[in-house]
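Examining the three-dimensional arrangement
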Amino acid sequence: MKHLSAFFLLGLSLTACTNTADKKLESLDKTSAREVVLKTLVVGDTTLHISSQKIWANNEIIATRIDTIKTATQIRSWSSDAADTGIDMTKTPIYVTVE
């Protein structure tokens, strides 16, 4: 009986630690939603920062827009330091503000 209760406790703790599945975009209710996708694409020495939006209403896309901002892939400072390799724009963090 002692081993059975220990086994039950172990099973209960493993069940409590499992992660729930993330809610995928395809399963969201699109009767009223705004879908935003951010991606970075490198073309030669240029980095393209692409944002695309879809606005859903009544299960239909009512508006779409794609915007692209171009930057150099390596941004160098005015420093004369030889060790200054610059900032790699493909690895800069993305911050999103929703108002």
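Residues numbered from 1 in each chain as written. Predicted model: local features only at pLDDT ≥ 70, side-chain atom pairs only at ≥ 80, totals over all residues. Heavy atoms only, no water.

Let us look at the overall build of the chain. Helices and strands together make up the secondary structure of the chain, namely one helix and five strands. Within the span of the chain, comprising 99 residues, buried residues form 8% of the whole. Put simply, 29% of the contacts in the chain that link residues at least 6 apart link residues at least 24 apart. (Helix = DSSP H or I, 4+ residues; strand = E, 2+ residues; numbered from the N terminus. Buried < 20%, exposed > 50% of the residue type's maximum accessible area, 1.4 Å probe, protein only. Contact = heavy atoms within 4.5 Å.)

This paragraph deals with a nonpolar patch on the surface. The grouping of V36, L38, I94, V96 and V98 at the surface amounts to a nonpolar patch, some 510 Å² of accessible area in total. With respect to the helices and strands, L38 occurs in strand 1 (residues 32-43). The exposure class of L38 is partly exposed, given its relative accessible area of 40%. (Patch = residues over 30% accessible without salt bridge, like charges linked within 9 Å, V, L, I, M, F, W, Y side chains within 5 Å. Areas by Shrake-Rupley, 256 points an atom, 1.4 Å probe, with all protein chains shown as cover. Salt bridge = Lys/Arg side-chain N within 4 Å of Asp/Glu carboxyl O.)

As a further point, take the sheet that holds strand 1. Taken in spatial order, the three strands of this open sheet run 1-2-3, and their pairing is antiparallel. Strands at the two margins of the open sheet, each flanked by one partner only, are strand 1 and strand 3 (60-72). The average undirected angle you get between the axes of adjacent strands in this sheet is 15°. Bridge analysis of strand 2 (residues 46-57) against strand 3 gives twelve bridges, and the strand direction is antiparallel. What sits directly across from T47, in strand 3, is T71. (Pairing = 2+ DSSP bridges. Axes fitted to C-alpha atoms, helices over the stretch in contact; angles between N-to-C directions.)

Turning next to the pairing of strand 3. Taken across its 13 residues, strand 3 has zero buried, putting it largely on the surface. In this structure, the hairpin formed by strand 2 and strand 3 is closed by a connection of two residues, where N58 is found at a positive phi of approximately 55°.

This brings us to unusual backbone geometry. At N58, a residue that is not glycine, the phi angle is positive and equals roughly 55°. Within the secondary structure, N58 is located in the loop between strand 2 and strand 3. Residue classification places N58 among the exposed residues on the basis of a relative accessible area of 64%.

Topologically, E35 is positioned in strand 1. Buried charged residue E35 carries no salt bridge. Nearest counter-charge: K54, at 4.5 Å. A polar contact is formed between the side chain of E35 and the side chain of W56, at a distance of 3.3 Å. (Lys, Arg positive; Asp, Glu negative; His and termini not counted. Polar contact = N/O pair within 3.5 Å; in protein donor to acceptor, adjacent residues only side chain to side chain.)

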